[in-house]
Amino acid sequence: MTPTELKALVVGLGMPAFTAKQVAQWLYVKHVKSIDEMTNLSKQNRELLSEHFEVGAMAPIDCQRSKDCTIKYLFPVFTANSHLFVETVFIPDHDRATLCVSCQVGCKMNCLFCQTGKQGWQGNLTAADILNQIYALPEVDQLTNIVFMGQGEPMDNLDAVLHVTEIMTADWGWQWSPKRITVSSVGVKGKLKRFLDESPCHVAISMHSPLHEQRLQLMPAEKAMPLEETIALLKQYDFTHQRRCSFEYICFGGLNDSPLYGREIVRLLEGLECRVNLIRFHEIPNVDLPSSDEKRMEALRDYLTAHGITTTIRASRGQDIFAACGLLSTAKQLETLK
């Protein structure tokens, strides 16, 4: 809840309006797990709040640890359907610690190369569902960055995503810099523009092919919002100072990792301040796509960098626990726990 919502809540219960500020401090600065911990509220007010509300922090019910120290957590979802779960990935890396959060159970986008899309779509997460992945994370105090690159398409659940990014960056909230948060998208007509207008956080676009027909085969969302249209929209915004624009590009061996694709990427991105992250394809069942080798990925990286586009090869993390890019899915847990 925002301070305005908290104020309406406490006043409605007959408490002084200033109680809302106290509650916000306990939630977003001190990160308490229960109302009983809010010790500067009177016992009567704590009891009254507890009759109607709870903090809502729910610990993960399972975790898997990778040999590279990546941790994948399984979180319950706060909806009426009690058999839904989402996966969240904690990625420590020297002085950085990134959390990859989910915003939906499954995904509607059905990208060919993504295991989450094969799960189908079971529902949107509430702002509480999303925030709980951060709030109840055992390593929360270590976090330096958050990326909305887990399960689901953030622009397809934009209200909840914007609510969470507001809480994370507001002076009354967690007080994070927006530069510590990146929100990804395949490109959703109308929603992406709204995000760019309303949020100062970084944006990452899933490209994966610069060619319309090929991208359409890989990503059905290309039909509703073609990549060229997405890039034209991005060129209307300033990415030279506080906010960064990046493109995610999964490399498929012999399919989209040749110099031809490098030239097309350079053509498309001309005039846009951005960077490109090359990602190794991680095989998923029943999808016949080859993974690119290191040499071809390095050649593509070097070509793009030489033509003025800062390009990196993202290290693959957590593949042994199915926590790497494109591998998240809770379909198995859903079947097991029904």
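Remember, it's a predicted structure, so these values are computed and weren't measured experimentally. (Residues numbered from 1 in each chain as written. Predicted model: local features only at pLDDT ≥ 70, side-chain atom pairs only at ≥ 80, totals over all residues. Heavy atoms only, no water.)

J.: Whenever I open this one, the packing of aromatic side chains confuses me. Can you help?
T.: Each aromatic ring pair is summarised here by two numbers: the centre-to-centre distance and the angle between the ring planes. Tallying each qualifying case throughout the model produces five aromatic pairs. A network of ring pairs unites the aromatic residues Phe 113, Phe 252 and Phe 281 as a single cluster. Stacked on the ring of Trp 26, the Lys or Arg Lys 30 has its end atom at 4.1 Å from the ring centre. The positively charged end of Arg 180 is found above the aromatic ring belonging to Trp 176, 3.6 Å away from the centroid. (Phe/Tyr/Trp six-rings, centres within 6.5 Å; stacked < 30°, edge-to-face > 60°. Lys NZ or Arg CZ within 6 Å of the ring centre and 35° of its normal.)

J.: Is there a simple way to explain helix 9 (residues 227-234) in this structure?
T.: Residues lying three or four places apart along an α-helix face the same way, a consequence of the helix completing one turn every 3.6 residues. Of the positions making up helix 9, those classed as buried are Leu 227, Thr 230, Ile 231, Leu 233 and Leu 234. Summarising the axial view, the buried residues of helix 9 lie within an arc of 155 degrees, below the 170-degree limit, and thus occupy one face. (Buried < 20%, exposed > 50% of the residue type's maximum accessible area, 1.4 Å probe, protein only. Helix = DSSP H or I, 4+ residues; strand = E, 2+ residues; numbered from the N terminus. Arc of directions from axis to C-beta.)

J.: I tried to follow the pattern of salt bridges on my own but got confused; where do I start?
T.: One side chain can pair with another of opposite charge once the charged atoms of both are near each other. In this structure the tally under the stated criterion is 13 salt bridges. With a shortest N-O distance of 2.4 Å, Arg 215 and Glu 222 are connected by a salt bridge. For the pair Arg 215 and Glu 222, one class covers both residues: buried. The partner of Arg 267 in a salt bridge is Glu 264, and the shortest N-O contact between them spans 3.1 Å. With a gap of three residues between them, Arg 267 and Glu 264 both fall in helix 10 (residues 259-269), about one helical turn apart. (Salt bridge = Lys/Arg side-chain N within 4 Å of Asp/Glu carboxyl O.)

J.: I would appreciate a short explanation of the pairing of strand 9 (residues 202-206) in the present structure.
T.: Each regular strand displays side chains that alternate between the two surfaces of the sheet. Within strand 9, five of the five residues are buried, leaving the element largely enclosed by the surrounding structure. Burial along strand 9 is two-sided: His 202, Ala 204 and Ser 206 facing one way and Val 203 and Ile 205 facing the other are all buried. Relative to strand 9, strand 8 (residues 181-185) runs parallel, the two being bridged by four bridges. Across the sheet, Ser 184 pairs through a bridge with Ala 204, a residue of strand 9. At this point the chain moves from strand 8, through helix 7 (residues 191-198), to the parallel strand 9, and the crossover so formed is right-handed. Pairing between strand 9 and strand 10 (residues 245-251): four bridges, direction parallel. Residue pairing across strands places Ala 204 opposite Ser 246, the latter belonging to strand 10. (Pairing = 2+ DSSP bridges. Right-handed = clockwise from strand over helix to strand, strands pointing away.)

J.: What am I meant to see in the state of the cysteines here?
T.: Covalently bonding the sulfur atom of one cysteine to the sulfur atom of another cysteine gives a disulfide. This model, assessed by the stated rule, comprises zero disulfides. In this structure Cys 114 is not part of a disulfide, and its nearest cysteine sulfur, from Cys 111, lies 6.3 Å away. Lacking any disulfide linkage, Cys 274 is separated from the closest cysteine sulfur, that of Cys 245, by 5.5 Å. By relative accessible area, which is 12% here, Cys 274 ends up buried. (Disulfide = S-S within 2.5 Å.)

J.: I tried to follow a negative patch on the surface on my own but got confused; where do I start?
T.: Together, Asp 36, Glu 37, Glu 47 and Glu 51 give the surface a local cluster of negative charge. By the element assignment, Glu 37 lies in the loop between helix 2 (19-28) and helix 3 (43-52). For Glu 37, a relative accessible area of 35% puts it in the partly exposed group. (Patch = residues over 30% accessible without salt bridge, like charges linked within 9 Å, V, L, I, M, F, W, Y side chains within 5 Å. Areas by Shrake-Rupley, 256 points an atom, 1.4 Å probe, with all protein chains shown as cover. Lys, Arg positive; Asp, Glu negative; His and termini not counted. Charge placed at Lys NZ, Arg CZ, Asp CG, Glu CD.)

J.: For this particular structure, what's the right way to read the sheet that holds strand 11 (residues 275-280)?
T.: In a beta sheet, neighbouring strands pair by backbone hydrogen bonds and run either parallel or antiparallel. Spatial ordering of the open sheet is given by 1-2-3-4-7-8-9-10-11-12, a layout of ten strands whose pairing is mixed. Of all the strands in the sheet, the pair left with one neighbour each is strand 1 (62-65) and strand 12 (310-313). Averaged over all neighbouring strand pairs, the angle between strand axes comes to 20 degrees, with direction disregarded. Bridge count for strand 3 (residues 85-93) against strand 4 (residues 96-100) is five bridges, and the pairing is antiparallel. Each residue of the ladder has a partner; that of Asp 93, found in strand 4, is Arg 96. Relative to the sheet, helix 5 (residues 127-135) contacts strand 2 (71-76), strand 3, strand 4 and strand 7 (145-148), its axis offset from that of strand 3 by approximately 35 degrees. (Axes fitted to C-alpha atoms, helices over the stretch in contact; angles between N-to-C directions. Contact = heavy atoms within 4.5 Å.)

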